[in-house]
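# Analysis of the macromolecular model
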Amino acid sequence: MSSKMEPGPDAPSDNNNDDDEKYGGDFKVTPWEVEGEVDYNRLVEKFGTQPITQELLQKVKGMVGEIHPMLKLGYFFSHRDFDWVLDKKDKGENFYLYTGRGPSGMVHMGHVMPWIFTKYLQDKFDAKLLFQLTDDEKFLYGQDRTREEIKKYTYENILDIIAIGFNPKKTRIIVDTKHIQHLYPLATEIAKRITFSTAKAVFGFNNSTNIGMIGFPPVQAAPCFLPSVIEGKNTPVLIPAAIDQDPYWRMTRDVADRMGYYKPAQIHSKFLPGLGMLGKMSSSRPETAIFTTDAPEVVEKKVVSAFTGGQPTVALQRQLGGNALGCPVFWYLRYFFDTEKQSDERLLKCRSGNLLCGECKSDLAKGARPFVAEFQKRREKARDVIPMFMYDGRPLEE
Ligand code: TRP
């Protein structure tokens, strides 16, 4: 099964066994580890979030005219107060977007999905965006990464973020160790309101967790309130992020009232499966992830050797049909390259035995190769414009 990162000896572990039992104990989601086949419906219950309803989708459609496929097809599947943020916007109160990345390695297609969606939100709602790189978190977690490595990944990841095409006037990147002076006053305000006992319950810290990790969550929480500081008035914030980040926002929402800020709203994504199995695409298993920096032959090779939901033989596939919903190639095509109609047809054809895996793989390679090639061009151009994106206290433009 997939784990987001190999846990180091001091990795915080989710020691909440009662919960594991209650929810079957067959998958685990924390900000640092994702294991097993995730049941997203149960996660909504477990984390106490709201499912995305048809009504909410219609509301989005009414406001911006189109529903992004990642929202429509359920890649973003859960939220907190997304409806509230939209109501605020309706009444003329603008919201900020806030998202981030832990620079623990190179970026792959699973990472860029929520960013592409974030750009859609920025464009459609004319929203300002704060993008945090938690280089401190990724240094503190586990024992295997040096400062130098993290610094290199931070730089490389910034190129990917810029390559997404965010509006430079409305977007600021925050690198924790570089821009900590802008976060620290808020982080200490937050930290003061959270006890160790709460942090243990929310994040699963234990006695062998290093104290840097224990002190880190307020640093990730601080950008939730930074927009209010920048704008000089209470400002709504919407966080698009994978569901594994939810513990941070539960904690942040808990202190928001007491600090006099709006609770940050969230819209949660699923994990994009790796090409090796279902579960989260993992940078620690490079052969199962398509990186934005992969050469075309490498993309091709990874797709060809991908795991699928197909039967062991063609004859069996024709007879029994494939398991499309358990097939990473299917999901890649659905979220990235197929239209909804194409994807629905693919599902039917696969299940009825009228589609062989080779065809899907070939479709995926046809989509992924040019996508990655185009992305690499944009990444190269990004090198020249990094300073425009860096947080430095300049106001973001209206
Ligand atoms: N902790 C996140 C990670 O490991 C990075 C992050 C920081 C983030 N702030 C965020 C992710 C806000 C989503 C939204 O990837």
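A quick note: this is a predicted structure, and the numbers were derived from the prediction, not measured.

## Here's the deal with the site of the ligand
In the neighbourhood of the ligand, 15 residues make up the surrounding shell, with Tyr-98, Gln-132, Glu-137, Gln-220 and Gln-245 lying closest. One nitrogen or oxygen atom from the main chain of Gly-102 is found 3.2 Å from an oxygen atom belonging to the ligand. A distance of 2.9 Å separates a nitrogen atom of the ligand from a polar side-chain atom of Gln-245. Contributions of two or more residues to the shell around the ligand are made by strand S5 (96–101), helix H7 (135–140) and strand S8 (237–242). Residues of the shell around the ligand, tallied by class, amount to 4 nonpolar, 7 polar and 4 charged.

## With respect to the sheet that holds strand S6 (residues 128–133)
What the 7 strands build is an open sheet, ordered S3-S4-S9-S8-S5-S6-S7; its pairing is mixed. Of all the strands in the sheet, just strand S3 (50–51) and strand S7 (171–175) have a single pairing partner and so form its edges. Note that S3 and strand S4 (residues 76–80) share 2 bridges and pair antiparallel. Within S4, the position partnered with Pro-51 by the bridge is Ser-78. Against the sheet, helix H14 (residues 246–259) contacts S4, S5, S8 and strand S9 (265–269), and its axis sits at roughly 170° relative to S9.

## Observations concerning the nonpolar core
In terms of nonpolar packing, the biggest core is built from 69 residues, with Leu-71, Ile-173 and Leu-238 touching the most fellow members. No other element matches the 8 residues that helix H6 (residues 109–125) contributes to this core. When neighbours within four sequence positions are excluded, Ile-173 is seen to be in contact with Phe-131, Leu-133, Ile-158, Ile-161, Ile-162, His-179, Phe-389, Met-390 and Tyr-391. If you look at the next biggest cluster of nonpolar residues, it comprises 34 residues, including Ile-190, Ala-222, Met-251 and Tyr-261.

## Describing the packing of aromatic side chains
With the rule as written, the count across this model stands at 27 aromatic pairs. Summarising the aromatic geometry, the rings of Phe-203 and Phe-205 are spaced 5.3 Å apart at their centres and angled 20° between planes, so their arrangement reads as stacked. Of the two residues examined, Phe-203 and Phe-205, each falls in the buried class. The ring centre of Phe-27 lies 5.8 Å from the NZ or CZ of Lys-46, which sits over that ring.

## Considerations on the pattern of salt bridges
Scanning all chains against the criterion turns up 29 salt bridges. When the shortest N-O distance is used, the salt bridge between Arg-379 and Asp-160 registers 2.9 Å. In this pair, Arg-379 is assigned in helix H19 (residues 357–382) and Asp-160 in helix H8 (residues 147–163), connecting sequence segments 219 residues apart. You'll find Arg-379 and Asp-160 in the same group, each marked buried. For Arg-250, the salt bridge identified is with Asp-246, shortest N-O distance 2.7 Å. Here Arg-250 pairs with Asp-246, and both are found in helix H14, just 4 residues apart, close to one helical turn.

## Quick notes on the domain arrangement of the chain
Partitioning the chain into domains gives domain 1 (18–275) and domain 2 (286–382). The interface of domain 1 with domain 2 comprises 23 residues on the first partner and 24 residues on the second. Summed over both sides, the interface of domain 1 with domain 2 buries roughly 2400 Å², with 70% coming from carbon and sulfur. Per-residue buried area on domain 1 facing domain 2 is highest for Leu-73, Met-109 and Leu-275; these three make up 39% of the total on that side. Applying the counting criterion to the domain 1 and domain 2 interface returns 3 salt bridges. There are 9 residue pairs in polar contact (both at pLDDT 80 or more) connecting domain 1 and domain 2. At 5 residues, H8 tops the list of elements feeding residues into the side of domain 1 that touches domain 2. Each residue belonging to the side of domain 1 that touches domain 2 can be placed in one class, and the counts come to 15 nonpolar, 4 polar and 4 charged.

## Details of the packing of helix H3 (residues 54–64) against helix H5 (residues 82–90)
Put simply, H3 and H5 touch, their axes get as near as 11 Å, and they point 25° apart. By the angle between their axes, H3 is roughly parallel relative to H5. Judged by the twist between their axes, the crossing of H3 over H5 is left-handed. Within the contact between the two elements, H3 uses Leu-56, Lys-59, Val-60 and Met-63 and H5 uses Phe-82, Asp-83, Leu-86, Asp-87, Lys-89 and Asp-90. Split into classes, the residues belonging to the contact of H3 with H5 amount to 5 nonpolar, no polar and 5 charged.

So, how was this worked out
Residues numbered from 1 in each chain as written. Predicted model: local features only at pLDDT ≥ 70, side-chain atom pairs only at ≥ 80, totals over all residues. Heavy atoms only, no water. Near = heavy atom within 4 Å. Polar contact = N/O pair within 3.5 Å; in protein donor to acceptor, adjacent residues only side chain to side chain. Helix = DSSP H or I, 4+ residues; strand = E, 2+ residues; numbered from the N terminus. Nonpolar A, V, L, I, M, F, W, Y, C, P; charged D, E, K, R; others polar. Pairing = 2+ DSSP bridges. Contact = heavy atoms within 4.5 Å. Axes fitted to C-alpha atoms, helices over the stretch in contact; angles between N-to-C directions. Core = buried A, V, L, I, M, F, W, Y, C linked by side-chain atoms within 4.5 Å. Buried < 20%, exposed > 50% of the residue type's maximum accessible area, 1.4 Å probe, protein only. Phe/Tyr/Trp six-rings, centres within 6.5 Å; stacked < 30°, edge-to-face > 60°. Lys NZ or Arg CZ within 6 Å of the ring centre and 35° of its normal. Salt bridge = Lys/Arg side-chain N within 4 Å of Asp/Glu carboxyl O. Domains from an automatic or database assignment. Buried area = accessible area lost by both parts, 1.4 Å probe. Parallel < 35°, antiparallel > 145°, perpendicular 65-115°, else oblique. Left-handed = near helix turned anticlockwise from the far one by under 90°.

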